[in-house]
Amino acid sequence: MASDTSPATSLLDHAAEAYVKLALAIGLHDPDYVDAYFGPQLWRDEAKAAGQTIQDLIASARQLLQDLGRIPRSQDDETLALRHQCLSRHLRSAIARLEMLEGHAFTFEEEAFALYDAYPPVYTSAFFEEMLAKLGGLLPGTGSVAQRYKSFRSHFVIPRDKLDDVFQAAIRECRDRTRKAIALPGGDQFTLEYVTDKPWSGYNWFKGSSTSLIQINTDLPIYIDRAVDLAAHEGYPGHHVYNTLLEAHLAREKQWIEFTVYVLFSPQSLIAEGTANFGIEVAFPGEERTSFERATLFPLAGLDPAETQRYYDVHRLTGVLNYAHNEAARGYLNGTMSRKQAEEWLVTYALMSAERSAQRVRFIDVYRSYVINYNLGQDLVRQYIEARGGTSDHPSRRWEEFRNLISSPRLPSSLTSLPSPKRV
Ligand SMILES: [Zn+2]
C-alpha cells in the first residue's frame, strides 16, 4: 500500500532512512546494538564500507536531530505525530549510546532515561523485606524464607527430557489464545532452539518475514513457570508478535523504513519487554493460567498438579521482587556496590541461587540499565492499558488495547502521566 506523500511525510521518510543507516553504522561499533534488521542489505554493506568513527556518527546524529526538528509536526494525524516524536526520541537515545561508546559515564538513572525514556523508581531494602515477610507466610517448612523458597521451588523443575514437550504445549496454548485475538499475517512462525552459556534465559531473534528464532538457555534448572513465561514473552503475544505486527503494519503497509531496524538500546525496548511480560496476563486472564497449567503442563512435566495454586501464589509475590534487579544494577553501575555485593543483593532480595545471581550480574555487565524494561516496562504498559479500559474484567478490550499498543510507534514517556522519579 502506498504511503501518504505529503511534503512532511517525505521529509520524515528521508530522516527515517538516515536513522536506519545510522543505527547500522553504530552496530559496527557495538555488536549488541542492532537486535534485528530486515531492510536493504545494501545499506549494511554501505555502512561497513563508510567506516565512520564514533565522533563522525555523533556529528551526523546531531545534525539529523536538528533536521527533524525543522519538519512541521502533524496536527491532524496522531500516528504521524507519534512517528515524528518517536524518531526524534530514538535519535536522542542513539546519541546517548554513542556517547557511552565514546567513554562518557552516565549514572544508572541518567542512562535509563537517555536510552529508554523512563525513570526507574527506587525500591529500598525495606520494601523487599516486606515482600519477603509476606512470602514467608505462604511457604511451608522451617528456616529462613530463602531456604524455604529454595526447598519449595526444588519440586518444580522441569526434567530435561520433558522440556521440549512442556515448552511445545505452552507455545501451542499461547499461540491459540493470541491468534483468536490478533490477526497475524499468514505464515508467521518461529524455530525453537536450546542453547547454553548465555547471559540471558531466553531470546527472540526476529528475522523478518514474520519469522523468529527463539533460543532458550538451559544452563540452569528451568522451573515450570518459565514454560508459559517464555512461550508468551518470546513468542505469543510477546516479542514474535510485536515484531511481526511492526513489520506488517509499519514497515510494510505504511513503508516506515525505521521499523526495519530494531535497536536494542532504545525506548522501543521498554515497550517490547513491557508488553512481552504483560502479554502473559493478557493471554491468561484471571485464573486461566493456573487452570491450564494444572490440567496440562504440570502433568506433562511429571509435577504434582495439586500444588499448582500454591506455586502461582508464590510466583505472583516473587514477581514484585524483580525490581531488586534494578537496585542491583543501580548500585553496581553507580559504583556503590561491588560485583559481589550486587550478587548478594540478588540472592537476598530476588531470592536467586548463587549461580543465577552471577548470571544476572553478567547480564548487567552487557545490558546495563536494560533491566528496567522488564519490570518498569510491564507496570507502565499495565497502567496504560488499564487506564484505557483494558482491565482484567474486560479481556477483549484488554486484547484490543494491547494489539493497538504493539502496532504503534508509542514512547514509554507517553504511557503514563507520571513519568517523574518516585521513591517506594
Ligand atoms: Zn524479552
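Residues numbered from 1 in each chain as written. Predicted model: local features only at pLDDT ≥ 70, side-chain atom pairs only at ≥ 80, totals over all residues. Heavy atoms only, no water.

A tally of regular secondary structure across the protein chain gives 18 helices and 5 strands. Expected size for 424 residues packed as a compact globule is a radius of gyration near 22 Å; at 22 Å, the protein chain falls within 12% of this value. Projected onto its principal axes, the C-alpha coordinates of the protein chain cover approximately 70 × 50 × 40 Å. A buried classification covers 54% of the 424 residues belonging to the protein chain. Nonlocal contacts in the protein chain, meaning residues at least 24 apart in sequence, comprise 72% of its contacts between residues at least 6 apart. About 18,000 Å² of surface is accessible on the protein chain, with carbon and sulfur atoms providing 51% of the total. Side-chain charges of the protein chain comprise 45 positive and 54 negative groups, with the mean position of each set lying 2 Å from the other. (Helix = DSSP H or I, 4+ residues; strand = E, 2+ residues; numbered from the N terminus. Rg over C-alpha atoms; globule rule 2.2 N^0.38 Å. Buried < 20%, exposed > 50% of the residue type's maximum accessible area, 1.4 Å probe, protein only. Contact = heavy atoms within 4.5 Å. Areas by Shrake-Rupley, 256 points an atom, 1.4 Å probe, with all protein chains shown as cover. Lys, Arg positive; Asp, Glu negative; His and termini not counted. Charge placed at Lys NZ, Arg CZ, Asp CG, Glu CD.)

The description of two aromatic rings rests on the distance between their centres and on the angle between their planes. One pass over the structure, following the stated rule, counts 28 aromatic pairs. Relative to F128, the ring of F127 has its centre 5.3 Å away and its plane inclined at 80°; by these criteria the two rings are edge-to-face. Pair check on accessibility: F127 and F128 agree, each one buried. Positioned over the ring face of F113 is R89, at 5.1 Å from the centre of the ring. In this structure, R97 is placed above the aromatic ring of F265, and the distance from its NZ or CZ to the ring centre is 3.8 Å. (Phe/Tyr/Trp six-rings, centres within 6.5 Å; stacked < 30°, edge-to-face > 60°. Lys NZ or Arg CZ within 6 Å of the ring centre and 35° of its normal.)

Moving on to the sheet that holds strand β2 (residues 189–195). Overall, mixed pairing links the 3 strands, which are arranged β2-β4-β3 in an open sheet. Because the sheet does not close on itself, it has two edges, and the strands there are β2 and β3 (202–208). Pairs of neighbouring strands in the sheet enclose a mean axial angle of 20°, with direction left out of account. Sheet analysis places β2 next to strand β4 (residues 211–217), joined by 7 bridges and oriented parallel. Note on β4: the bridge partner recorded for T191 is L213. Packing of helix α8 (residues 163–181) onto the sheet brings it into contact with β2 and β4, and relative to β2 it is tilted by some 155°. (Pairing = 2+ DSSP bridges. Axes fitted to C-alpha atoms, helices over the stretch in contact; angles between N-to-C directions.)

Here we come to the coordination of the zinc ion. Every protein donor of the zinc ion is listed here as H233 (NE2), H239 (NE2) and E273 (OE), and their distances to the metal cover 2.0 to 2.1 Å. Sequence spacing among the residues donating to the zinc ion works out to H-x5-H-x33-E. With H239 in helix α10 (residues 239–253) and E273 in helix α11 (residues 267–283), the pair connects residues that are 34 residues apart, well separated along the chain. (Donors = N, O, S within 2.8 Å, 3.2 Å for Na, K, Ca; no water.)

Before going further, it helps to spend a moment on the pattern of salt bridges. In total, this model carries 28 salt bridges according to the counting rule given. E258 is the salt-bridge partner of R83, the closest N and O atoms lying 2.8 Å from each other. Remark: E258 occurs in the loop between α10 and β5 (261–263) and R83 occurs in helix α4 (residues 78–102); sequence separation between them is 175 residues. Here the two residues R83 and E258 agree in accessibility, since each one is buried. Connected through shared salt-bridge partners, R226, D229, R289 and E293 make up one network. (Salt bridge = Lys/Arg side-chain N within 4 Å of Asp/Glu carboxyl O.)

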